[in-house]
Amino acid sequence: NTSASKAPDLINFAQRVAAQGKVAGFTTRETLAIGSAMIAAGAQADVAATSMRNVGRMLARGASATKRQRNGFEKIGVTAEQVAKAFDEDATDAIEMVIDKLGELQEESGNAAALTAASEIFGDEARGFTPLIDQIDLLRNSLRRANEEAASGSVLREFEERASTTANALQL
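Along each chain, residues carry numbers from 1 onward, in the same order as the chain's sequence is written. Predicted model: local features are reported for residues with pLDDT of at least 70 only, side-chain atom pairs are reported and counted for 80 or more only, and whole-chain, interface and lining totals are derived from all residues. With hydrogens and water stripped out, all remaining heavy atoms of the structure feed into the side-chain values.

Helix numbering and strand numbering both begin at the N terminus, where a helix is a DSSP run of H or I of at least 4 residues and a strand a DSSP run of E of at least 2. From N to C terminus, the protein chain includes 10 helices and 0 strands. Mapped from its N terminus to its C terminus, the protein chain presents α and β elements in the order α-α-α-α-α-α-α-α-α-α. Think of it in three bands: with a 1.4 Å probe and only protein chains considered, a residue is buried below 20% of the maximum accessible area for its type, exposed above 50%, and partly exposed in between. In the protein chain, buried positions account for 40% of the 172 residues. Two residues qualify as a contact provided that any one of their heavy atoms is within 4.5 Å of a heavy atom in the partner residue. Sequence separation of at least 24 residues holds for 69% of the intrachain contacts in the protein chain that already meet a minimum separation of 6. Here, Shrake-Rupley sampling with a 1.4 Å probe gives the accessible areas, and only protein chains in the shown set may cover a residue. By element, 51% of the accessible surface of the protein chain is carried by carbon and sulfur atoms, the whole surface being about 9200 Å².

Now the structure itself:
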């Protein structure tokens, strides 16, 4: 209950991608935080899940990156191998680094340049991720809250809020 994303959307997102998030190197909380950020930025849960799958796969490719992906990475000043190494070390930091660099490209060369580079890197099926280019703080805040010890209290607050409704009283 700490962002614009709603619990049913996050459950939908988690059912679609949580297991793949772990395989890619994210904790469950990090996977949900990234999904929450995408949903809060306007993506539907299914679009956010597809985007998450594609982003994880594309950042991990390294030497097997396509020419198109290499071109996108070059536009933001890194190589596919550098990103894959960073992704192996800390998947969340790698995502933040790529988003930061896309944001810098957007500031220097405009929206079209940043969107083109993002499309080249992630593919067109990661459209839920691109709004984070100019909303990086949304992603950072979501990740920070997910990793805080207080995040566990968020679930309790959400339960208490739902339990106090008239609909819940009638159902009981």
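Further notes follow.
Oppositely charged side chains are able to pair whenever their charged atoms sit close together. Salt-bridge detection follows one rule: a side-chain nitrogen of Lys or Arg within 4 Å of a carboxyl oxygen of Asp or Glu. Taken as a whole, this structure holds 4 salt bridges when the rule is applied. Note that Glu 120 and Lys 75 form a salt bridge whose closest N and O atoms lie 3.1 Å from each other. Placement of Glu 120 in helix H7 (residues 111-122) and of Lys 75 in helix H4 (residues 67-75) is noted, with a sequence separation of 45 residues between them. The exposure class of Glu 120 is buried, given its relative accessible area of 12%. Residue Lys 75 is classed as partly exposed on the basis of its relative accessible area, which comes to 36%. Residue Arg 140 is joined to Glu 96 by a salt bridge in which the shortest nitrogen-to-oxygen separation is 3.0 Å. Of this pair, Arg 140 sits in helix H8 (residues 136-147) while Glu 96 sits in helix H6 (residues 91-109), placing them 44 residues apart in sequence. On the basis of relative accessibility, which here comes to 16%, the residue Glu 96 falls in the buried class.

Now for H4. Side chains of residues three or four places apart in an α-helix project in the same direction, reflecting 3.6 residues per turn. When we look at burial in H4, the residues that qualify are Gln 69, Gly 72 and Phe 73. An end-on view of H4 places all buried positions within 100 degrees of arc, on one side of the element. Those residues of H4 that are exposed and aimed more than 90 degrees away from the buried face are Lys 67 and Glu 74. The inward-facing, buried residues of H4 contact helix H3 (45-59), helix H5 (80-89) and H7. The reported arc concerns the directions from the helix axis to the C-beta atoms and nothing else.

Here we take up the environment of Ala 19. Within the fold, Ala 19 resides in helix H1 (residues 7-24). Residue Ala 19 is classed as exposed on the basis of its relative accessible area of 57%. Between the alpha carbons of Ala 19 and Thr 31 there is a distance of 9.3 Å; along the sequence they are 12 residues apart.

Ranked by size, the top nonpolar core spans 44 residues in total, and within it Leu 59, Phe 122 and Phe 129 carry the most contacts. Contributing elements (two or more residues each) for this core: H1, helix H2 (28-40), H3, H5, H6, H7 and H8. Here this core takes 8 residues from H3, the largest share from any one element. Discounting chain neighbours no more than four positions away, the residues touching Phe 122 are Asn 54, Val 55, Met 58, Leu 59, Val 98, Leu 102 and Phe 129. Joining through side-chain atoms within 4.5 Å is the link that ties buried Ala, Val, Leu, Ile, Met, Phe, Trp, Tyr and Cys residues into a set, and such a set is a nonpolar core.

Here the focus is H6. Expected span of a helix: the number of residues minus one, times 1.5 Å. Taking 1.5 Å per residue, 19 residues should reach 27 Å; H6 reaches 27 Å between its end C-alpha atoms and fits that length. Where H6 is concerned, the buried positions are Ala 91, Thr 92, Ala 94, Ile 95, Glu 96, Val 98, Ile 99, Leu 102, Gly 103, Leu 105 and Gln 106. Where H6 ends, the next residue or the one after it, Gly 110, has phi of about 100 degrees, a positive value.

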